[in-house]
Structures are given as C-alpha cells and as structure tokens.
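# Fold and geometry: a report
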Amino acid sequence: MFTKVGDIKVKIVETCLAECKFEQAASAGGFDVCLRVQDADGESDWWRGEFSPNYGKGKMADRTQAQITMQALEGIGFAGGQDFSRLDELVGKETVAHVEASAPNAEGKVYHNVKWLGSGSSAPKAIDKAEAARRMKAIMAQAGSATATAAATAGHPAAATTQPAATAAPKVKNPFL
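Described below are features of the structure shown in this document. (Residues numbered from 1 in each chain as written. Predicted model: local features only at pLDDT ≥ 70, side-chain atom pairs only at ≥ 80, totals over all residues. Heavy atoms only, no water.)

## Structural notes on the overall build of the protein chain
Condition: Helix and strand assignments follow DSSP, with helices taken as H or I runs no shorter than four residues and strands as E runs no shorter than two, numbered in order from the N terminus. Three labels apply to residues, based on accessible area from a 1.4 Å probe with only protein chains included: buried if under 20% of the type maximum, exposed if over 50%, partly exposed otherwise in between. By the convention used here, residues are in contact when the closest approach between their heavy atoms is within 4.5 Å. Surface accessibility in these figures is a Shrake-Rupley result with a 1.4 Å probe; residues are shielded only by whichever protein chains are displayed.
Looking only at helices and strands, the protein chain features three helices and five strands. Helices and strands in the protein chain line up, N terminus first, as β-α-β-β-α-β-β-α. Burial status across the protein chain gives 26% buried among its 177 residues. Within the protein chain, counting contacts between residues at least 6 apart in sequence, those at least 24 apart form 47% of the total. Counting every atom, the protein chain has about 11,900 Å² of accessible surface; 56% of that belongs to carbon and sulfur.

Given below as structure tokens:
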C-alpha cells in the first residue's frame, strides 16, 4: 500500500486477470486487468483496468472501459494487443503510477489508490528543436505583421517605415521575469 500521493516511479512486479471490482462491469461480462506496481521504497499496490463494454466517465465518456484499459496498457509498452497471455511481459517494466488519496471513510481511514499508470494526460508531448524553430519563426512573423497592420490602421508614424513587417517584432514583456 502506498502512503504518499503524486506521480511515483514504479516497477511492475506482478500481473493477473481478476473478477471485476465493480458489479456493473461484472454484470456486463467484464473482468479487470491488474498490475501490481512497487516503488524504490518497497511500497506497492494494484492498478486495475476494467475490461468491459461499459463507457467511461468525464473526458473518457466517448470510450469503453475496454478501450481505455487497452490505451493505458499500450501507453506503458504492452505490445500484446488483446492477447492477455502476454501480460507478464510487463513484469520488470518501469513506469509512473499516479497515486491519489481518498476522502476519509467513516472511521477516518484514508486510502492511497493508483489512479493511472504511465504519464497521464498532463505529460508534455515533445517536439524537436527544428520544429520549434519553424513554429517560432511563423509566430514571430505573424506578430510582426499584426503590429505593422495595427500601426498603419491607427495612423501611427511607424507605419510609414519601409522596414519589412516580419522584422519589426513587437516588444513583449516576458511574463516569467
């Protein structure tokens, strides 16, 4: 059982298929895909991915629980498709477990639950430096053009210059300084 919250580096140490944790999934003929994860301090817990035709909730309402579970498994490197006999291939794989604390129950007990594995939805999607430079050039050209157009419309003296709009980049205060 985990005693901390947040994104924790873990290793998958055990896998299994199990009866559904939730009755609604069981009545739909589903099952759970379970991965036990452990951190460097030896704390561990189970992640359960429901495999059923039931639809997810919130931003996942457009997918079935089976689709959500497959997406999660593929996101951490499972290459077996729907062949769960290959699930043990994940044992030893390192990933990140997002752990959240529950609200206290009637006895005041708080549980720490693995909500998802992998990077989750807030991880950045990297782009290469050349692509970033291309985008920056396009943005700066648009910003320069917009500044020149606004100056000309307002009858601003800067509009009469012969300097190309793309090189007349506006002075913008850096919000991080």
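So that's the structure; there's more coming.
## Observations regarding the nonpolar core
Let me state the cut-off plainly: For the purposes of this section, nonpolar cores are sets of buried Ala, Val, Leu, Ile, Met, Phe, Trp, Tyr and Cys residues that join through side-chain atoms within 4.5 Å.
Residues Leu35 and Leu73 are the most contacted members of the largest nonpolar core, which totals 21 residues. Among the secondary structure elements, those contributing two or more residues to this core are β1 (6-18), β2 (31-38), β3 (44-51), α2 (65-75), β4 (94-101) and β5 (112-117). Discounting chain neighbours no more than four positions away, the residues touching Leu73 are Val33, Leu35, Trp47, Phe78, Phe84, Leu87 and Leu90.

## Some remarks on the pairing of β4
Applicable threshold: In this scheme, strands are said to pair when DSSP sees at least two bridges between them.
Across six bridges, the pairing between β1 and β4 is antiparallel. Residue pairing for β4: Lys11 is matched across the bridge by Glu94. Strand direction decides the pairing type here: β4 and β5, joined by five bridges, are antiparallel. Note on β5: the bridge partner recorded for Glu100 is Asn113.

## What about a nonpolar patch on the surface?
Note the threshold: Patches in this entry comprise residues that are over 30% relatively accessible and not in a salt bridge; like charges within 9 Å are linked, as are nonpolar side chains (Val, Leu, Ile, Met, Phe, Trp, Tyr) within 5 Å. By definition, a salt bridge exists where a carboxyl oxygen of Asp or Glu is found within 4 Å of a side-chain nitrogen of Lys or Arg.
Taken together, the side chains of Met136, Ile139 and Met140 present a nonpolar region at the surface, about 300 Å² in accessible area. Note on placement: Met136 falls in helix α3 (residues 129-153).

## So, the side chain of Ser52
By the secondary structure assignment, Ser52 is in the loop between β3 and α2. Relative accessible area serves as the criterion here: at 4%, Ser52 is assigned to the buried category.

## With respect to the packing of aromatic side chains
Spelled out, the test is: For Phe, Tyr and Trp, where Trp contributes only its six-membered ring, two rings pair if their centres lie within 6.5 Å, and the inter-plane angle classes them as stacked under 30 degrees, edge-to-face over 60, or tilted in between. Only when the NZ of Lys or the CZ of Arg is both within 6 Å of the ring centre and within 35 degrees of the ring normal is a charge said to sit over the ring.
Taken as a whole and judged by the stated rule, the model has four aromatic pairs. With a centroid separation of 5.1 Å and an interplanar angle of 25 degrees, the aromatic rings of Phe31 and Phe51 are classed as stacked. Taken as a pair, Phe31 in strand β2 and Phe51 in strand β3 lie far apart in primary sequence, 20 residues in all. Its relative accessible area of 25% is what places Phe31 among the partly exposed residues. By relative accessible area, Phe51 is classed as buried at 16%. Between Phe51 and Phe84 the ring centres are 5.4 Å apart and the planes differ by 85 degrees, which places this aromatic pair in the edge-to-face class. Taken together, the residues span a long stretch of sequence, with Phe51 in strand β3 and Phe84 in the loop between α2 and β4 at a distance of 33 residues. Among the aromatic side chains, those forming a connected cluster through ring pairs are Phe31, Phe51, Phe78 and Phe84. Looking at Lys109, its charged tip hangs above the ring of Tyr111, at a distance of 5.3 Å from the centre.

## Some points on the pattern of salt bridges
For side chains bearing opposite charge, pairing can occur when the charged atoms are close. Counted under the stated rule, the structure contains nine salt bridges. Where Asp41 meets Lys4, a salt bridge forms, and the shortest distance between an N and an O atom there is 3.4 Å. Of the two residues, Asp41 sits in the loop between β2 and β3 while Lys4 sits in the segment before β1, which places them 37 residues apart along the sequence. Using a relative accessible area of 64% as the deciding quantity, one classes Asp41 as exposed. Taking the shortest distance from any N to any O, the salt bridge between Arg134 and Glu131 comes out at 2.8 Å. Separated by three residues within a single helix, Arg134 and Glu131 lie in helix α3, roughly one turn from each other. The class for Arg134 is partly exposed, based on a relative accessible area of 48%.

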